[in-house]
Amino acid sequence: MATTAILSALEQEQLGLLARLEQPRTVRRAGRDFHCGRLHGKLVVLALSRIGKVAAASTATTLIEAFACDRIVFTGVAGALDDAVQVGDLVVGSHFVQHDMDASPLFPRFEVPLYRQALFACDPMLTHLLVQASHAALASVQSAAGIAAPTRPPTVHTGLIASGDRFIATIASARAVQEALRSHALEPLAIEMEGAAVAQVCHDYGLPFAAVRTISDRADDAAGVDFQQFLATVAGNYALHIVEHFVRALPAAPDWTGRPRGPC
Ligand code: ADE
C-alpha cells in the first residue's frame, strides 16, 4: 500500500494527528522524529519539517530516501498576501514559488537556476482531494474554532503560494514581496517558509506533492502576535480535521515507486 507523508512545520500543527496515529512507531533520522503508523487504515509517516526551506528540503528528502514515501502532503499555517484572503481561511496550493530566489542577471528573477522554471506545480489529484477535505474541515471546525473572520465565514482558496526564508511581519515587506512577484505576473495568495522547497524536492524525485495552509495572520505589523495566538489555539485543530478528511478519501493505491520499504 502507498505511504503518505504528512509534513507539518511545527509541533502544534502535528499534535492532534499524532494522538490519532494507529500502530505508532517512532524512528529517528536526520535529527528528527518520524512517526510511522496508520490513519483510517492508510499508511502514513508524520514528520515535522521545522522552519525554513533548507529544513523542509532535508525532511522531504529523508522521507523519500529513508522512508520510501510515495507522496508528500504539507499542512501548516501561512500569512495572507491577497486582500481576498482572511485570517481563518484555507489556501490550497496550486503552485509554489520561492519569493527570495534571485540569481539575476544570470537567470530571470524567481527562476530556480538550471530548472528553467520559477513555479512548481502541485499534484492535481491530491490537490483536488485537499480542496474537498478543506471544505469538509471548515464545515466541522468553523463554529468550534471561534475565529469568526471579520466580514464573512472562513472559505477555501486555491492558488499560488510564495515561500521564502523570512517571516513577513510588516505591511511594507508584504507589499514589497507582492509587488516584486506581481511585476513577473505572479499573484500569490499566501506566504510561508517551506512549501516551495518541498515542491522542488518532490519534482526532483517525480513524487506527487500537495499542500494546504490555514491563514494565521495578514503578514502585517501584527503578524507576530496573530501567528503565535493562532498556532496555540486553532492551527492543530484545522490540520487534524483536514488530514482526517483527506486520508479517508485517499484511494488505497499500491505504492507508486516499487522501492523497498523504509524502516517503518
Ligand atoms: N507563516 C505564517 N505566517 C507567516 C508570515 N507572516 N510570513 C512567513 N511565513 C508565515
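As shown above, the structure is provided for reference.
Since the model is a prediction, treat every value here as computed from it, not as a measurement.

Here's the deal with the overall build of the protein
The secondary structure content of the protein amounts to six helices and ten strands. Expected size for 264 residues packed as a compact globule is a radius of gyration near 18 Å; at 17 Å, the protein falls within 12% of this value. Within the span of the protein, comprising 264 residues, buried residues form 56% of the whole. Taking contacts inside the protein between residues at least 6 apart in sequence as the whole, the part at least 24 apart equals 80%. Accessible area of the protein: about 10,800 Å², with a carbon and sulfur share of 56%. Of the charged side chains in the protein, 21 are positive and 25 negative; the average position of the first set lies 7 Å away from that of the second.

Re the nonpolar core
Counting 73 residues, the largest nonpolar core has L63, I72, V198, F209 and F246 as its most contacted members. Considering every element that reaches this core, the biggest residue donor is helix α6 (residues 223-249), with eleven residues. Ignoring sequence-local partners within four residues, the contact set of V198 consists of L7, A56, A60, I72, F74 and F209. Core analysis: the second largest hydrophobic core is formed by 14 residues, A162, I168, V177 and A180 among them.

Some details on helix α1 (residues 11-20)
All buried positions along α1 are accounted for by E13, Q14 and L17. Buried residues of α1, seen end-on, are gathered within an arc of 75 degrees and therefore sit on one face of the element. The exposed residues of α1 that point more than 90 degrees off its buried face are E11 and A19. Contacts from the buried residues of α1 go to β1 (3-8), β3 (32-39), β4 (42-48), β5 (71-80) and α6.

Details of the site of the ligand
The environment of the ligand is made up of 13 residues, and the closest members are G79, F167, I168, E192 and D217. With respect to the ligand, the backbone of G79 contributes an N or O atom lying 3.2 Å from a nitrogen atom. Within the backbone of I168, one N or O atom sits 2.8 Å away from a nitrogen atom of the ligand. Burial of the ligand by the surrounding chains reaches 97%, relative to a free accessible area of 260 Å². Elements with a contribution of two residues or more to the shell around the ligand: β5, β9 (190-192) and β10 (209-217). Broken down by element, the residue count for the shell around the ligand peaks at three residues, all from β5.

Focus: the packing of aromatic side chains
The description of an aromatic ring pair rests on the distance of the ring centres and on the angle between the ring planes. What the rule picks out here adds up to five aromatic pairs. Where F96 meets F209, the ring centres are 5.7 Å apart and the plane angle is 55 degrees; that geometry is what we call tilted. Note that F96 is positioned in strand β6 (residues 90-98) and F209 in strand β10, a separation of 113 residues in sequence. Neither residue differs from the other here; F96 and F209 are each classed as buried.

Examining the environment of A118
Summarising the element assignment, A118 is placed in the loop between β6 and β7 (120-121). With residues near it in sequence (within four places) discarded, A118 still touches F96, V97, F110, E111 and V112.

Focus on the packing of α1 against α6
Look at α1 against α6: their axes get within 7 Å of each other, and the N-to-C directions meet at 45 degrees. Classified by the interaxial angle, the pair formed by α1 and α6 is oblique. For the crossing formed where α1 meets α6, the hand is right-handed. Side by side, α1 and α6 meet where Q12, E13, G16, L17 and R20 of the first sit next to L231, A235, G236, A239, L240, V243 and E244 of the second.

Side note on the pairing of β6
When a strand is regular, its side chains alternate between the sheet's two faces. Counting buried positions over the nine residues of β6 gives seven, a clear majority of the element. Bridge count between β6 and strand β8 (residues 156-163): eight bridges; the pairing is parallel. Of the residues in β8, the one forming a bridge with V97 is A162. Strand direction decides the pairing type here: β6 and β10, joined by three bridges, are antiparallel. Opposite V91, over in β10, you have R213 as the bridge partner. By the bridge criterion, two bridges tie β6 to β7 in an arrangement that is antiparallel. In the strand pairing of β7, H95 is matched with A121.

What counts and what doesn't
- Residues numbered from 1 in each chain as written.
- Predicted model: local features only at pLDDT ≥ 70, side-chain atom pairs only at ≥ 80, totals over all residues.
- Heavy atoms only, no water.
- Helix = DSSP H or I, 4+ residues; strand = E, 2+ residues; numbered from the N terminus.
- Rg over C-alpha atoms; globule rule 2.2 N^0.38 Å.
- Buried < 20%, exposed > 50% of the residue type's maximum accessible area, 1.4 Å probe, protein only.
- Contact = heavy atoms within 4.5 Å.
- Areas by Shrake-Rupley, 256 points an atom, 1.4 Å probe, with all protein chains shown as cover.
- Lys, Arg positive; Asp, Glu negative; His and termini not counted.
- Charge placed at Lys NZ, Arg CZ, Asp CG, Glu CD.
- Core = buried A, V, L, I, M, F, W, Y, C linked by side-chain atoms within 4.5 Å.
- Arc of directions from axis to C-beta.
- Near = heavy atom within 4 Å.
- Polar contact = N/O pair within 3.5 Å; in protein donor to acceptor, adjacent residues only side chain to side chain.
- Phe/Tyr/Trp six-rings, centres within 6.5 Å; stacked < 30°, edge-to-face > 60°.
- Axes fitted to C-alpha atoms, helices over the stretch in contact; angles between N-to-C directions.
- Parallel < 35°, antiparallel > 145°, perpendicular 65-115°, else oblique.
- Left-handed = near helix turned anticlockwise from the far one by under 90°.
- Pairing = 2+ DSSP bridges.

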